[in-house]
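The lines below spell out each chain.
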Amino acid sequence: KVAVCIGGQTSRMQPPLMVEGLLQPNEGHFHFDFYYNLQVPPEGQEHIIYNTDSHVTFEPSNYGKMSRSELVTNLGKVMTSNYSAVVNISFHQLVPLDVVEHSMGHPLNLFEVEAMRAPKVQATILNMYLHQMRCINQIVDHEQQQGFVYDYVISTREDVYFMRPMNLTYVISVLDQEVDRSTVHSERKCHMVMKECANFFGFNQRMFVYDRKTANITLSNRWNHFRHLLQQNATLVNTEVFEKNMAEHYRLRSCPIFIDHFAVTAVRPIRDDIFCYPFWEIFKCLPTNSARAISRHRCD
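Residues numbered from 1 in each chain as written. Predicted model: local features only at pLDDT ≥ 70, side-chain atom pairs only at ≥ 80, totals over all residues. Heavy atoms only, no water.

K.L.:
Just to check I follow, could you spell out a nonpolar patch on the surface for this structure?
P.N.:
On the surface, Val-113, Phe-200, Phe-201 and Val-237 cluster together to form a nonpolar patch covering roughly 360 Å² of accessible area. Residue classification places Phe-200 among the partly exposed positions, given a relative accessible area of 33%. (Patch = residues over 30% accessible without salt bridge, like charges linked within 9 Å, V, L, I, M, F, W, Y side chains within 5 Å. Areas by Shrake-Rupley, 256 points an atom, 1.4 Å probe, with all protein chains shown as cover. Salt bridge = Lys/Arg side-chain N within 4 Å of Asp/Glu carboxyl O. Buried < 20%, exposed > 50% of the residue type's maximum accessible area, 1.4 Å probe, protein only.)

Structure below.
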């Protein structure tokens, strides 16, 4: 059983990509429950599109144009009509900067890179982490209600794209490596796996696959670790380094996987169901023999 945490903005949702890249190729081998925690626009605002590609004009995806009730209905049709998947969806308003700073007890000045330096941007990042914290709480509640425990947890984005269908059996085989199989108390070699390229000095964030215990440690402590670093007057380059720093703090081992076997990236909707690849997503980070086809759809 696999729980999939999906956080982000309603405006960038493209669930058919999740079906084609993860659910469909692994149906019959894994049971998936999807937990969506989505940010909705403020009252009176039709759409909200946060991105770091200011030179490109993006439009909401077709799903991003739907009302909440239409979105819930269509998610059910896309992800459960032909599969055994269960979909849970929650909508949330953005927690504003002043509330986030009050909770942190410190000005938001953790990240050094220009695109993430502004406190307002760091508050947006903390809202992303809050979606993940909500998700792990929802997972625990569901497990207690149903009397079972998930085997694995995947944490990813609303705009994730699979450049190749994922063989989750292979990915899990990497995650489940052990240091020494000859002893009863063999130690886990990998607590988490992710894509090995486009890591920007840390861990690529497009998708993580965790064992169940590690998911609890990592996802539930997002704000706690951010607050800890602020109180230490630490500075980090970016969110990728935050991921690596957090893993080191909790003594978690990571096992990055070659792009051919973990071909995930993020895409941006530009109109209807057409999307593009941000340049920094695919620079030196493409599956074998795919560069020509994918590069034609860069967000230039």
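K.L.:
Which parts of the structure should I look at to understand the sheet that holds strand S8 (residues 254-257)?
P.N.:
Strand pairing in a sheet is mediated by backbone hydrogen bonds. Such pairs are either parallel or antiparallel. If you walk across this open sheet you meet the 7 strands as S3-S2-S1-S4-S7-S6-S8, and the pairing is mixed. Each edge of the open sheet carries a strand with a single partner, namely strand S3 (86-92) and S8. Neighbour to neighbour, the strand axes of the sheet diverge by 20° on average, direction disregarded. As paired strands, strand S6 (residues 192-195) and S8 are joined by 4 bridges and run parallel to one another. (Pairing = 2+ DSSP bridges. Helix = DSSP H or I, 4+ residues; strand = E, 2+ residues; numbered from the N terminus. Axes fitted to C-alpha atoms, helices over the stretch in contact; angles between N-to-C directions.)

K.L.:
It is not clear to me how the packing of helix H3 (residues 97-104) against helix H8 (residues 222-231) should be interpreted in this structure. Could you clarify?
P.N.:
Helix-helix packing: each pair is described by the crossing angle between the helix axes and the interaxial distance. Running from amino to carboxyl end, H3 crosses H8 at an angle of 75°, the nearest separation of the two axes being 10 Å. Here H3 is positioned roughly perpendicular relative to H8, judged by the angle of their axes. Here Val-100, Ser-103 and Met-104 of H3 come into contact with H8, specifically with Trp-223, Phe-226, Arg-227, Leu-230 and Gln-231. Here the contact of H3 with H8 is built from residues that sort into 5 nonpolar, 2 polar and 1 charged. (Parallel < 35°, antiparallel > 145°, perpendicular 65-115°, else oblique. Contact = heavy atoms within 4.5 Å. Nonpolar A, V, L, I, M, F, W, Y, C, P; charged D, E, K, R; others polar.)

K.L.:
I'm lost on the state of the cysteines in this one. Help?
P.N.:
Put plainly, two cysteines are in a disulfide when a covalent bond ties their sulfur atoms together. A full pass over the atoms with the stated rule returns 4 disulfides. The partner cysteine of Cys-5 in its disulfide is Cys-135, sulfur to sulfur 2.0 Å. Disulfide Cys-5-Cys-135: the torsion about the S-S bond is -90°, which places it as left-handed. Of the two residues, Cys-5 sits in strand S1 (residues 2-9) while Cys-135 sits in helix H5 (residues 119-146), which places them 130 residues apart along the sequence. The exposure class assigned to Cys-5 is buried, which follows from its relative accessible area of 3%. You can call Cys-135 buried: its relative accessible area is 1%. Note that Cys-190 is cross-linked by a disulfide to Cys-255, the S-S spacing being 1.8 Å. Negative torsions about the S-S bond denote left-handed disulfides, and the value of about -80° found for Cys-190 with Cys-255 makes this one left-handed. Taken together, the positions of Cys-190 in the loop between helix H6 (168-175) and S6 and Cys-255 in strand S8 put the pair 65 residues apart, joining distant regions of the chain. When sorted by exposure, Cys-190 lands in the same class as Cys-255, which is buried. (Disulfide = S-S within 2.5 Å.)

K.L.:
Would you explain the nonpolar core in this entry?
P.N.:
A general feature of soluble globular proteins is that nonpolar side chains tend to end up buried together. Leu-22, Phe-32, Phe-34, Met-166, Leu-168, Val-193 and Phe-262 are the most contacted members of the largest nonpolar core, which totals 37 residues. With 5 residues, the single largest contributor to this core is H6. Leu-110, Ile-125, Trp-223 and Leu-236 belong to the second-largest nonpolar core, a separate cluster that totals 22 residues. (Core = buried A, V, L, I, M, F, W, Y, C linked by side-chain atoms within 4.5 Å.)

K.L.:
Honestly, the packing of aromatic side chains in this entry has me stumped. Any pointers?
P.N.:
In this description, a pair of aromatic rings is defined by centroid distance and the angle of the planes. Per the stated rule, a full pass over the model turns up 13 aromatic pairs. Pairing Phe-148 with Tyr-150 gives two aromatic rings, centres 5.0 Å apart and planes at 75°, and the pair type is edge-to-face. In this structure, Phe-148 and Tyr-150 share a single accessibility class: buried. Between Tyr-161 and Tyr-277, the ring centres sit 5.6 Å apart and the planes meet at 70°, which makes this aromatic pair edge-to-face. With Tyr-161 in strand S5 (residues 160-162) and Tyr-277 in the loop between strand S11 (274-276) and helix H10 (279-282), this pair connects stretches of sequence that are 116 residues apart. Like Tyr-277, Tyr-161 is buried. (Phe/Tyr/Trp six-rings, centres within 6.5 Å; stacked < 30°, edge-to-face > 60°.)

K.L.:
Just checking my understanding: could you explain the pairing of S6 for this structure?
P.N.:
Residues in a regular strand point their side chains to alternate faces of the sheet. The pairing of S6 with strand S7 (residues 207-211) spans 2 bridges and is classified as antiparallel. Opposite Met-192, over in S7, you have Tyr-210 as the bridge partner.

K.L.:
Whenever I open this one, the environment of Met-166 confuses me. Can you help?
P.N.:
Note on placement: Met-166 falls in the loop between S5 and H6. Assessed through its relative accessible area of 3%, Met-166 is described here as buried. The spatial distance from the C-alpha of Met-166 to the C-alpha of Met-79 is 17 Å, given a sequence separation of 87 residues. Those residues within four positions of Met-166 in sequence are excluded, and the remaining contacts are Gly-21, Leu-22, Pro-25, Asn-26, Val-171, Met-207, Phe-262 and Val-264.

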